[in-house]
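Chain residues, written in single-letter form:
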Amino acid sequence: MIVRSLHDVEATEHFVDWGNGTSHRLLTTRDGMGFSICHTVVRANTVSLLQYRNHLEACYCIAGEGEVEDMNGNVFPIQQGDMYALDKHDKHLLRAGRHKDLILVSIFNPPLNGTERHKLNDPAGSAY
């Protein structure tokens, strides 16, 4: 059995400031589960161009607000209780609310190593 807290992760390399927020990589490839679980905070009033070329991702909003926009200009508001899944390695814009952080539980398949970091200045979008 694996039991791990946010506090436990903060003292390791699996607590990552990814530029526009933070990620506690609670479950990673080393745990052998076949997927990752991350507690992700997207800082208020930020926009991130992202694309996970090597992972599929699903996110469940546990607090705050924001939106995700696909490359066709479709905007999907996200608030507590909403889920979105990037089932085709979708390039997307992730925006936190103007005044509230967006807090997500992010699940990756295959799992993250746990130390990956975004390159938010890449015009092609940050990718793992």
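Since the structure is predicted, the reported quantities are computational estimates derived from the model, not experimental observations.

Thresholds applied
Each chain carries its own residue numbering, running from 1 in the written order of its sequence. This being a predicted model, a pLDDT of at least 70 is required before a residue's local features are given, and a value of 80 or more before pairs of side-chain atoms are given or counted; all residues contribute to the totals for chains, interfaces and linings. Only heavy atoms go into the side-chain values, all of them from the structure, while hydrogens and water stay out. When a carboxyl oxygen of Asp or Glu lies within 4 Å of a side-chain nitrogen of Lys or Arg, that pair is called a salt bridge. The secondary structure listing takes helices from DSSP runs of H or I that are at least 4 residues long and strands from runs of E that are at least 2 residues long, numbered from the N terminus. Burial classes: relative accessible area under 20% of the type maximum marks a residue as buried, over 50% as exposed, and values in between as partly exposed (1.4 Å probe, protein chains only). Between 30 and 60 degrees the pair is tilted, below 30 it is stacked and above 60 it is edge-to-face, where a pair is any two Phe, Tyr or Trp rings, Trp via its six-membered ring, whose centres lie within 6.5 Å. Pairing between strands is defined by DSSP: at least two bridges between them are needed. Residue contacts are counted whenever heavy atoms from the two residues lie within 4.5 Å of one another. In plain terms, two cysteine sulfur atoms within 2.5 Å form what is called a disulfide here.

Colleague: For this particular structure, what's the right way to read the pattern of salt bridges?
Modeller: In a structure, side chains of opposite charge can pair up when their charged atoms sit close to one another. Counted according to the given criterion, the structure contains six salt bridges. Aspartate 17 is paired through a salt bridge with arginine 43; the nearest N and O atoms lie 3.0 Å apart. A residue pair is termed long-range when its members are at least 10 positions apart, and aspartate 17 in strand 1 (residues 15-17) and arginine 43 in the loop between strand 3 (36-42) and strand 4 (47-50) qualify at 26 residues. The exposure class assigned to arginine 43 is partly exposed, which follows from its relative accessible area of 31%. Put simply, arginine 95 and glutamate 69 hold a salt bridge, and the shortest N to O gap is 2.6 Å. Taken as a pair, arginine 95 in strand 8 (residues 92-96) and glutamate 69 in strand 5 (residues 56-70) lie far apart in primary sequence, 26 residues in all.

Colleague: Help me understand the packing of aromatic side chains, please; the structure alone is not making it clear to me.
Modeller: We describe a pair of aromatic rings using the distance from one ring centre to the other and the angle between the two ring planes. Taken as a whole and judged by the stated rule, the model has one aromatic pair. Here the aromatic rings of tyrosine 52 and phenylalanine 108 are separated by 5.1 Å at their centres, their planes lie at 80 degrees, and the arrangement is edge-to-face. Of this pair, tyrosine 52 sits in the loop between strand 4 and strand 5 while phenylalanine 108 sits in strand 9 (residues 102-109), placing them 56 residues apart in sequence. On the accessibility criterion, tyrosine 52 (6% relative accessible area) is buried. Relative accessible area serves as the criterion here: at 4%, phenylalanine 108 is assigned to the buried category.

Colleague: What's the story with the pairing of strand 2 (residues 21-27) in this structure? I'm lost.
Modeller: Side-chain positions along a regular strand alternate between the two faces of the sheet. Here strand 2 lies mainly inside the structure; seven of its seven residues are buried. Both strand 1 and strand 2 contribute to a ladder of three bridges, which runs antiparallel. In the strand pairing of strand 2, phenylalanine 15 is matched with histidine 24. Hairpin connection, strand 1 to strand 2: the antiparallel pair is bridged by three residues, and glycine 19 has positive phi, about 110 degrees. Sheet topology places strand 2 next to strand 3; six bridges connect them, and they run antiparallel. Across the sheet, histidine 24 pairs through a bridge with histidine 39, a residue of strand 3.

Colleague: Would you take a moment to explain the side chain of threonine 46 for this structure?
Modeller: In this structure, threonine 46 sits in the loop between strand 3 and strand 4. Among residues more than four places away in sequence, those in contact with threonine 46 are Asn20, Leu94, Arg95 and Ala96.

Colleague: Mind showing me how you'd approach the environment of glutamate 10 here?
Modeller: Along the chain, the position of glutamate 10 falls in helix 1 (residues 6-10). By relative accessible area, which is 42% here, glutamate 10 ends up partly exposed. Residues glutamate 10 and glutamate 69, spaced 59 residues apart in sequence, show a C-alpha to C-alpha distance of 30 Å. If we skip the residues at most four places from it in the chain, glutamate 10 touches Phe15 and His24.

Colleague: In this structure, what is going on with the state of the cysteines? I would like to understand it.
Modeller: Structurally, a disulfide amounts to a covalent bond that connects the sulfur atoms of two cysteines. Under the definition given, this model contains zero disulfides. With no disulfide of its own, cysteine 38 lies 8.9 Å from the sulfur of cysteine 59, the closest cysteine sulfur. Between cysteine 61, a cysteine without a disulfide, and cysteine 59, which holds the nearest cysteine sulfur, the sulfur-to-sulfur distance is 9.6 Å. Residue class for cysteine 61 comes out buried when judged on its relative accessible area of 0%.

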